[in-house]
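Chains, contacts and geometry: an overview
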Amino acid sequence: MKNFEPANGNSIEFKVNGKDYVVQDPDPTTSLNSWMRIQPKLTGVKVMCEEGGCGCCVVTLQKPNETPKAVNSVSVKLCLMPLCAADGCTFTTVEGLGNQQDGYHPIQTNVAQFGASQCGYCTPGFVMNMYSSLLSEDPAPTQQKIEDSFDGNICRCTGYRSLLDAMKCFACDADPNLLAQCKDIEPPSFLKRKTSNSASNCTCPDIGKAPCKGSCKTNVGVRSIKVSSDATTWLKPTSMQDLVSIMQGTDSNQFKLVCGNTSSGVFKPTSFPKYLVDINFVPDLTTTFNYSTMVKFGSCITLSSIVKLLKEKTSESVTFAPLVEHILKIAGLPVRNAASWAGNMMVKHLHREFPSDVCVLMEGAGAKVNVLNADTGITTTCSVFGTNGLMSLDMSKKVLVSLEIPKLVNGSGKNHVFISYKIMPRSQLQNAHAYVNAAFYTEVINGKPSSEIRIVYGGIRPDFARATETENFLVGKEISDANLTSSIKLLSQELAPVQQDPVDASVSYKLNLALGLFYKFYVSLYDPSKLGPGIESAITPMQRPVSTGTQTFKPDPTTYPVSQDIPKLSGILQASGEAYYLSDRLPTKDELHCAFVTSDDGNVDIDVIDDKDASMMPGFVQIITGTNFPSGVKNTHLYPFDTSQPLLATDHVEFAGQPLAIVVAESDVQARRIAAAVKVSYKNKQKAVISIQDAIDASSFFPSAENNFKMGDPDQAIADAKHKVTGECELGQQYHFYMETQYCRAEPTEEGGFSIEAATQGQSWVQNAIAYAYSLPCNKIEVATKRVGGAYGGKSTNSLITSCAAALAAYCTRKPVRFHADLKTCMSTYGARVPYLLKYTVGCDDTGLIQGLDWTIYTNSGPTIIFNAFFKINEVVIYLSAYFCENRKYKLVACKSNIPSPTWCRSPVSLQMIAFNEVMVEHIADQLNIDPIQVKQVNLYKQGQHNLYNEQLLFCNIRDIYNKYLLFTIINDLLSEYNIAERQAAIVTYNQNNKWKKRGLAVTPIKVSWSWMKHTVLVSICSDDGSVIVSHGGIESGQGINTKVAQVAAYELGIPMDNVIVQRTTNITSMNSDVTGGSITSEINCKAVIGACKILKSRIQPVKDKMDPASTWKEVIAKCYEDDIDLVVSHMVTKDGGTIRYNSYGATASEVEYDVLTGEHQILKVDTIFDCGISLNPSVDIGQVEGAFVMGIGFWLMERYVRDADTGKLLIDGTWEYKPPTTKDIPINWNIQLLKDAPNPLGVLRSKASGEPPMCMAVSIPFALKQALTSSRADHGITGFFPLKFPATVETLHELVKLDPVTNF
Ligand SMILES: Cc1cc2nc3c(=O)[nH]c(=O)nc-3n(C[C@H](O)[C@H](O)[C@H](O)COP(=O)(O)OP(=O)(O)OC[C@H]3O[C@@H](n4cnc5c(N)ncnc54)[C@H](O)[C@@H]3O)c2cc1C
Ligand code: FES
Ligand code: FES
């Protein structure tokens, strides 16, 4: 590149947390996130999706050309930012805000105080997003603004309520109740800043403390650079002239312009061009102009900056407010802070299937773009679409320069109407691309659309944008019902949508949705007084106010700290990024990294694994395949469950995503790039069995796993029953979505074994599986885990794959090796939730009382039956919900298929069984035309009835809990605590008055049984000061086990909690502990700690008895040591160690609102009563209830698995397509009550477990939606039962309403 030779050396410079960094010879293909975590060791910047979807890598950025610095700091996602783009910039990471040495920032302390972290892996991202939001433009935001700004951060654990509450304390209109909760916290310095703009009172964005001296700028500022690595050169011109000369002197396929680089999160680059050209500092591309007729944005202006300007100028054009509203639905805030409009349009230019919101909006608003041809120097002005529009231009050697948005002002007979829509998989308008988006514009003159009319759609098909025929038809036509019907007919022919792939929305949904959006637009042109009854509901948007709620519990101060709502002990460390995760461990000098080569196809044989090119790539060390496996090592990972399952496929490949080889390399990135470059060919393709129906069709079952259970005489009872109800229900997979993906580090030891550090839920499983594979005694395998960044069952059997892979690479190389499975690998290679299909027949009487039931349950087990091996049918149905029936039979059929073996996932089995029961009773209610609430009530267990183990339910309180909702039936429609009857009546009225918006309400009761497991704890008292160390057998994965264990140890020993520390879990201290799971691990370990403490006390007491009663704990312990008392106790709780089993009960009422024309919905109100006994820690348990419930919302409403029907390949392997709930998917009003005065005589210190059951209660939401759908179907004449399909996505729900736009609109 001779024509661009800036003076600087091959280095970049930037500032992080006030410290200058100079990076020599930076690699232009490296992300700043990778660099930040390894070089300055700032591991508070987390890594998960690496595609901008999760938010755990958010930091504060200030670009060198932005002043004054304190107001231009924004949140960005570092995984999308190239290292070289950092030149001249200033960053603040979570470490820069506060830490143990320097004290913590108020945001960090608030998060800890509100119990707003569980596993804590997402927490630094939330903290930094808040910090950046407060710094940028509005130091005193409203609660609404704060909630709105968290549209780009995902948390799988907390359910968001606590996080939002912690943040909303910083609002200028903060709820006094929230402020009361953080009264001990210093007022945030940001709020003070509002009263003074002087720099001396400002908080320094670099170090998070006042005063800002304004001296934090980098030394380099804005400058041109040219830095190279092996194959790619990073060029940063700072003038248009330089940019043009770079483009002139380079073949267009050799360079790529880079603005925010966020498109790499959507379309991941598989290779890099010779030149990456950073255009962010070319002044012509970064300028904004506000003219009287238009606003003009340079091509590097970000979406956030456009929002900011248009908001300020709202009154200057009717288009500006709707544009702002829609742009705020694009991605999430930290992406919008980096993403340019030009980059967005060019993504559409390169990938026509991309449903660009920017293109649709700008075409609708009549905007024009200016494009410069670098070769000719000519600038062309064009629209986005159309014959000579941007999309039709050859863009080689061209650069987008600016965007002109015209100002449209009403008055003097002019009436411009501009409306846009975006309907997406996340109903609540956050961080998701559109199924279909649309923008409509016209000028209404004398009640008729003028000749200026634009109907623009995205997501319909790659070559379609403008509905020109319909536009032409409407010109000058009166706004009338007849013209509405004609245009709907015309539009329905013109659209002709296509489904581009199985992940894309269906053709029928796209068509009906697009017509529904047009209907909304057209109806809004009517004179409101002429609209028919209920029609206005088509136009009124669903408003989401600030979320509110209550958390009610009754602790018992007599047992404090047990039962006290103590925030999680590690909360502050998680909020400051100081908490340690294995993924944060820095590689040692000799450490290697490995990655899987995985299969693209299933039920096929391997032909050739070709690593010729891959092995030449930088960093390559070794490749291990199924056929060159080291002799003497067993190629398996699933010991003892199914040792026939290989770690690496040898000849036959069972499923797409299966590991075929392990690549070992010098760095993580190299290992992944090399693995991707290994070529695999296949032969002998056979049809893959993907779904349960495929398996039934092919009779592909595991006969050995089939088992049956019968009680009473169900056949006779069904035959005798007055009513028979028959149906089926299928429940699919769910990805665990742990924020810390799978990690393991294996190091060969001097004894010939392995030292393993693993992000696992089952240390003894890891130990035993590795020992088996290497024929080693178990004592040569040491396993340690500090904490894991989320698990939910996904790090149980799945972690064996990771651990055995790391051990294999370490064995082959004799070096420490780290295995980090990225998100795509975790999703496509590892098992997810088990899919089920239920076929049921029920007999019942006129009240809906179930007299007999007959269920056949199919599970999709993948190639092995590990999961079914654990759950026999009688154990499965023991989890059954709250309903009793004397005559039942169950049959379990395990299907053999070509998907990764499914595994445990939060509430395994109970989730499906409880849902199946709800499906069944709701079906009965539908068929008998009775309120489902009543059918549920008559079937509830009564105290004293027997469960399927023939155990009497002595302490059953399900009827009490449920009746709290149902008092109206008992006390003759008087108000009950939750006003269910009144709300039901109000819903009926609402639905009568609103044709296009509907509401529904459903109540779900649950009963869940628990069984005990085995865990070992070690409790040691330090003789010198009496402090206590506990190491237990569970894994801290966010459920608060360490906090509960510390509370119990302090209580039992009678010492302050400060005297107790809970250290990491190792198999040396807690040998033979079961896997952490089933919600029960905290209790079992607490029980074990109680046992250990009692032994310690029995040893201490005789010594104490001989001492002065006033002796301190420290003195007593010192004396014990002097008297040779053993102050270390290991204790194990076993399945037979006392109480075996108890039940948890609960009930939830959910109320929803549904948009009939789009399928969108919102959860208006959820009230939950949950039975936690006397909670060991209400703060932790409420957090568990909330987190589980929101994970349930994801399962029931949005998280769908889509596989290629031929290969079985997972088609939703990232955050672009897979959508767990975000902050606005939670209930708008959410009230949680831990059942009061309900001590559990069978539990640990009167408590009950909390982690999983609340997830099952979220099934009330789809059933509430079903009621809304039923009302809409009735409006257009469809009555009778219809089955729900799960997940009940926006698309699925819309299709169930069965609208025919031509006849129903
Ligand atoms: C998590 C996530 C969610 C998203 N959600 C949405 C969504 O809901 N709706 C939506 O519409 N989009 C969405 N996007 C896409 C996002 O809006 C675009 O990635 C972004 O606008 C691209 O801008 P950029 O500055 O980052 O471009 P870059 O990534 O830097 O560049 C993108 C392309 O444009 C080219 N380019 C950039 N500037 C110019 C120029 N001036 N002239 C010529 N070529 C240029 C580049 O060479 C490159 O090919 C999402 C992205 C992410 C990561
Ligand atoms: S890792 Fe950056 S957003 Fe997920
Ligand atoms: S605490 Fe948010 S993902 Fe675990």
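A quick note: this is a predicted structure, and the numbers were derived from the prediction, not measured. (Residues numbered from 1 in each chain as written. Chains lettered and ligands numbered in written order. Predicted model: local features only at pLDDT ≥ 70, side-chain atom pairs only at ≥ 80, totals over all residues. Heavy atoms only, no water.)

1. As for the overall build of the chain
We apply this condition: Comment: elements are numbered from the N terminus, with helices defined as DSSP H or I runs of at least four residues and strands as E runs of at least two. Any residue under 20% of the maximum accessible area for its type is buried, any over 50% is exposed, and the rest in between are partly exposed; the area is computed with a 1.4 Å probe on protein chains only. Contacts are assigned to residue pairs with any non-hydrogen atoms lying within 4.5 Å of each other. The protein chains shown are the only cover counted for residues, whose accessible areas, like all others here, come from Shrake-Rupley with a 1.4 Å probe. In this charge count, Lys and Arg are treated as positive and Asp and Glu as negative; neither His nor the chain ends contribute. The atom standing in for a charge is NZ when the residue is Lys, CZ when it is Arg, CG when it is Asp and CD when it is Glu.
The secondary structure content of the chain amounts to 38 helices and 42 strands. With the principal axes as the frame, the chain shows a C-alpha extent of 95 × 75 × 70 Å. Looking at the chain residue by residue over its 1305 residues, the buried ones come to 65%. Put simply, of all contacts in the chain between residues at least 6 apart along the chain, 77% involve residues at least 24 apart. Per element, the accessible surface of the chain, about 44500 Å² overall, is 50% carbon and sulfur. For the chain, the separation between the mean place of its 119 positive charges and that of its 130 negative charges on side chains is 2 Å.

2. Focus: the packing of helix α13 (residues 341-350) against helix α14 (residues 357-364)
To keep it simple, the criterion reads: Only the stretch in contact is used when fitting a helix axis, every axis being a line fitted to C-alpha atoms; angles between N-to-C directions are given from 0 to 180 degrees. What sets the label is the angle itself: under 35 degrees gives roughly parallel, over 145 gives roughly antiparallel, 65 to 115 gives roughly perpendicular, and the rest give oblique. Residues were grouped as follows: Ala, Val, Leu, Ile, Met, Phe, Trp, Tyr, Cys and Pro as nonpolar; Asp, Glu, Lys and Arg as charged; and all remaining residues, including Gly, as polar.
Contact pair α13 / α14: the axes reach a minimum separation of 8 Å and the direction vectors enclose 105 degrees. Our classification of the angle between α13 and α14 gives roughly perpendicular. Taken together, the residues of α14 that come into contact with α13 (itself represented by W341, N344, M345 and K348) are D357, V358, C359 and M362. A class-by-class count of the residues in the contact of α13 with α14 yields five nonpolar, one polar and two charged.

3. Quick look at unusual backbone geometry
At the junction of Y560 and P561, the peptide bond is cis and its omega measures out at 10 degrees in the coordinates. Inspection of the secondary structure assignment puts P561 in the loop between β18 (548-552) and α18 (571-575). At the junction of Y639 and P640, the peptide bond is cis and its omega measures out at 0 degrees in the coordinates. In this structure, P640 sits in the loop between β21 (620-625) and β22 (652-653). The phi torsion at S699 lies on the positive side, around 45 degrees, for a residue other than glycine. Looking at the element boundaries, S699 is found in the loop between α20 (692-697) and β25 (707-711).

4. Quick look at the site of ligand 1
Put simply, the test is: Only heavy atoms are used to decide nearness, and a residue is near a molecule or strand if one of them lies within 4 Å of it. The definition of a polar contact used here is a pair of N or O atoms within 3.5 Å, where within protein one atom must be able to donate a hydrogen and the other to accept one, and adjacent residues in sequence count solely through side-chain atom pairs.
In the vicinity of ligand 1, 35 residues are found, and the nearest of them are L257, T262, S263, S340 and K422. Separating an oxygen atom of ligand 1 from a backbone N or O atom of G260 is a distance of 2.8 Å. The backbone of A331 places a nitrogen or oxygen atom 3.4 Å from a nitrogen atom of ligand 1. If ligand 1 stood free it would expose 980 Å²; the protein chains cover 96% of that surface. Where the shell around ligand 1 is concerned, the elements lending two or more residues are β8 (255-258), α13 and β14 (398-406). Among the elements that take part in the shell around ligand 1, α13 stands out by supplying six residues, more than any other. Of the residues that constitute the shell around ligand 1, the class distribution is 20 nonpolar, 11 polar and four charged.

5. So, the packing of aromatic side chains
Which entries qualify depends on this criterion: Aromatic rings from Phe, Tyr and Trp, with only the six-membered ring used for Trp, were paired whenever their centres fell within 6.5 Å, and each pair was classed as stacked if the ring planes differed by under 30 degrees, edge-to-face if by over 60, and tilted otherwise. Either the NZ atom of lysine or the CZ atom of arginine qualifies as a charge over a ring when it sits within 6 Å of the ring centre and within 35 degrees of the ring normal.
Under the definition given, this model contains 41 aromatic pairs. Look at F126 and Y160: their rings are 6.3 Å apart centre to centre, the planes differ by 45 degrees, and that puts the pair in the tilted class. Taken together, the residues F126 in helix α4 (residues 123-135) and Y160 in the loop between α5 (143-148) and α6 (161-168) connect sequence positions 34 residues apart. Of the residues examined, Y160 reaches a relative accessible area of 0% and is grouped as buried. The structure contains a cluster of three or more aromatic residues connected by ring pairs, namely Y421, F440, Y457, F518, F521, Y522 and Y526. Between the NZ or CZ atom of R787 and the centre of the ring of Y581, over which it lies, the distance is 5.6 Å.

6. Quick look at the environment of K226
Here K226 is to be found in strand β6 (residues 225-228). Separated by 218 residues in the primary sequence, K226 and N8 place their C-alpha atoms 7.4 Å from one another.

7. Points about the pairing of strand β30 (residues 817-820)
Selection criterion: Any two strands between which DSSP finds at least two bridges are classified as paired.
Side chains V817 and F819 project from β30 onto one buried face, and the interleaved R818 and H820 project onto a second face that is buried too. For strand β19 (residues 592-598) and β30, the ladder comprises three bridges, and the chain directions are parallel. Paired with C594 across the two strands is F819, which belongs to β30.

8. Description of the environment of G366
Structurally, G366 is set in the loop between α14 and β12 (368-373). A C-alpha to C-alpha distance of 71 Å links G366 and V1133, two positions 767 residues apart in sequence.

9. So, the sheet that holds strand β15 (residues 416-423)
Pairing in this open sheet of three strands is antiparallel, and the strands run β15-β16-β17 from one edge to the other. In this open sheet, the two strands that pair with only one neighbour each are β15 and β17 (448-458). When the angles between neighbouring strand axes are averaged without regard to direction, this sheet yields 10 degrees. With eight bridges connecting them, β15 and strand β16 (residues 436-445) associate as antiparallel partners. Across the sheet, Y421 pairs through a bridge with A438, a residue of β16.

10. Some remarks on the sheet that holds strand β32 (residues 850-860)
The five strands lie next to each other as β25-β33-β32-β31-β26, forming an open sheet whose pairing is mixed. The sheet is open, and its two edges are formed by β25 and β26 (723-731), each paired on a single side. Geometrically, the sheet is characterised by an average inter-axis angle of 10 degrees between neighbouring strands, direction not taken into account.

11. A few points about the pairing of β14
The element β14 is extensively covered by neighbouring structure, given that eight of its nine residues are classed as buried. Summarising the sheet, strand β11 (residues 294-298) and β14 pair through five bridges and their orientation is antiparallel. Along β14, the bridge assignment pairs M294 with P406.

12. As for the packing of helix α27 (residues 910-928) against helix α28 (residues 932-939)
Definition in use: Here a crossing is called left-handed whenever its near helix is offset anticlockwise from the far helix by less than a right angle, and right-handed whenever the offset is clockwise.
Two numbers describe how α27 lies on α28: the axes approach to 8 Å, and their chain directions differ by 120 degrees. Overall, the two elements α27 and α28 adopt an arrangement that is oblique. Between α27 and α28 lies a crossing whose hand is right-handed. Taking contact as the criterion, the partners of E918, V921, E922, I924 and A925 in α27 are, on α28, P932, V935, K936 and N939. Looking at the contact of α27 with α28, its residues break down into five nonpolar, one polar and three charged.

13. Some remarks on the pattern of salt bridges
This is how the line gets drawn: Salt bridge, as used here: a side-chain nitrogen of Lys or Arg that lies within 4 Å of a carboxyl oxygen of Asp or Glu.
Applying the stated criterion to the full structure yields 59 salt bridges. Salt-bridge contacts for E452 lead to R454; the nearest nitrogen and oxygen are separated by 3.0 Å. When its relative accessible area of 10% is taken as the criterion, R454 is described as buried. One salt bridge connects K839 with E728, and the closest N-O pair in it is separated by 3.7 Å. With K839 in strand β31 (residues 836-844) and E728 in strand β26, this residue pair connects regions lying 111 residues apart in the sequence. Among the charged side chains, a network of salt bridges with common partners joins E147, R161, D165, K168 and E1186.

14. A short note on the UniProt feature "binding site: FAD" (unreviewed entry) in the chain
To be explicit about the condition: UniProt positions are given in the numbering used here, feature names are shortened, and annotations may be inferred rather than shown by experiment.
Here the UniProt-annotated "binding site: FAD" (unreviewed entry) positions come out as S340, W341, A342, G343, N344, L400 and K422. Over a stretch of 83 residues, the named residues are scattered through the fold, their C-alpha atoms separated by up to 25.2 Å. Within the element layout of this structure, W341 appears in helix α13. Exposure remark for W341: the relative accessible area of 0% places this residue in the buried category. Setting aside residues up to four positions removed in sequence, W341 forms contacts with F297, G298, S299, I301, L303, I306, V358, V369, L400, S402 and L403. Polar contacts involving the side chain of W341 include one to the main-chain carbonyl oxygen of G298, which spans 2.8 Å.

15. Section: helix α10 (residues 303-312)
Within α10 the residues assigned to the buried category are L303, S304, I306, V307, L309 and L310. The inward-facing, buried residues of α10 abut β10 (288-290), β11, α11 (320-327), α12 (333-336), α13 and α14.

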